[in-house]
Amino acid sequence: MKKSLIFSGLIILFMVNIVFAAPVGKITLVEGKVDVVKAGKTVATPVNLGDPVDVGDIYRAKSNGRAEITFIDKNVLKIAQNTRTEIQEYTTQKDRNIGIVKLYRGKVQATAQTEFVKKVAAFAEGNKLEIHTPNAVAGVRGTIFAVSYQGGLTWIFCQEGTVYVFNPANPAIVILVPANFVSSVSGETPPTQPAMLQQFQIEQQLVTWAWEKLEEKVRYEEDRRMELDATPPVIQ
């Protein structure tokens, strides 16, 4: 009986922590059909601009769907179409910032802000932003990198700075991928040696879509609302 009460108490405490945990970011851009399965839930709900992002969220972007998450430390995650990804861990403390995103399929792009990069340079063990696929771990030591996973093959592209990559099945072999280089991981083999890409290939690797047009649309709508709010009412 006593053990049963203790077990029940632990379950309640765990559920309370899930319910009252503070959001770790918010949706800052969304286009097309994107939904999310919240931690502890089984039903997906549509994603809307400004929605809070929590640890345990699983985001699913459909064939015409794209989204962007801005975390509370200003790091950014872009989610491409046909992608399923989970916010597995995200903690921010004074000297310790850890973000882990699990990529089940598709493509994501992470952008680390300057202050975060400085923390990584000063204390790498306590600060990391990583993308995990079933056969690879890619972590930031620079600012921008993209990771894709499909059919058992992981591609890692570094746009700025440096990205470290290893296969969890063989973690002793770590490859550093510099800017404008790409590496891949297949099965249980270590990452390939980085290969340099041409400009047209770089554009293919990045999570590129009409973010500029989408941002312009958002800004236009905001400006339009401000203009309407400032327009005096017509007195008849």
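In the block above lies the structure referred to throughout.
Predicted model, so just to flag it, every value in this text is computed and none were measured.

## What about the environment of Ile131?
(1) Moving on: Structurally, Ile131 is set in strand β10 (residues 127-133).
(2) Moving on: Residues Ile131 and Val147, 16 residues apart in the sequence, show an inter-C-alpha distance of 7.2 Å.
(3) Moving on: Here Ile131 is in contact with Leu77, Val101, Leu103, Val108, Ala110, Ala136, Val137, Ala138, Phe145 and Val147, once residues within four sequence places are set aside.

## Some thoughts on the packing of aromatic side chains
(1) Moving on: Evaluation of the coordinates by the stated rule reveals one aromatic pair.
(2) Moving on: Taking the centre distance of 4.0 Å and the plane angle of 10° together, the rings of Phe71 and Tyr90 count as stacked. Of this pair, Phe71 sits in strand β6 (residues 66-71) while Tyr90 sits in strand β8 (residues 83-92), placing them 19 residues apart in sequence.
(3) Moving on: The ring of Tyr104 is capped by Arg84, whose NZ or CZ atom sits 4.5 Å from the centre of that ring.

## Some details on the nonpolar core
(1) Moving on: Judged by nonpolar contacts, the single largest core of 37 residues is most densely connected at Tyr59, Ile69, Leu77, Ile87, Ile131, Phe145 and Val163.
(2) Moving on: Those residues in contact with Val163 that sit more than four places away from it in its chain are Ala138, Gly139, Arg141, Phe145, Ile156, Cys158, Ile175, Leu176 and Val177.

## Quick word on the pattern of salt bridges
(1) Moving on: A complete count under the given rule lists five salt bridges for this structure.
(2) Moving on: A salt bridge links Arg66 to Glu31; its shortest N-O distance comes to 3.2 Å. With Arg66 in strand β6 and Glu31 in strand β1 (residues 25-31), this pair connects stretches of sequence that are 35 residues apart.
(3) Moving on: Close ionic contact of Arg60 with Asp35 constitutes a salt bridge, the shortest N to O distance being 2.8 Å. Separated by 25 residues along the polypeptide, Arg60 in strand β5 (residues 58-61) and Asp35 in strand β2 (residues 34-37) bring together distant segments of the chain.
(4) Moving on: For Arg60, a relative accessible area of 25% puts it in the partly exposed group.

Thresholds, definitions, all that
Residues numbered from 1 in each chain as written. Predicted model: local features only at pLDDT ≥ 70, side-chain atom pairs only at ≥ 80, totals over all residues. Heavy atoms only, no water. Helix = DSSP H or I, 4+ residues; strand = E, 2+ residues; numbered from the N terminus. Contact = heavy atoms within 4.5 Å. Phe/Tyr/Trp six-rings, centres within 6.5 Å; stacked < 30°, edge-to-face > 60°. Lys NZ or Arg CZ within 6 Å of the ring centre and 35° of its normal. Core = buried A, V, L, I, M, F, W, Y, C linked by side-chain atoms within 4.5 Å. Buried < 20%, exposed > 50% of the residue type's maximum accessible area, 1.4 Å probe, protein only. Salt bridge = Lys/Arg side-chain N within 4 Å of Asp/Glu carboxyl O.

This is a description of form; function is not addressed.
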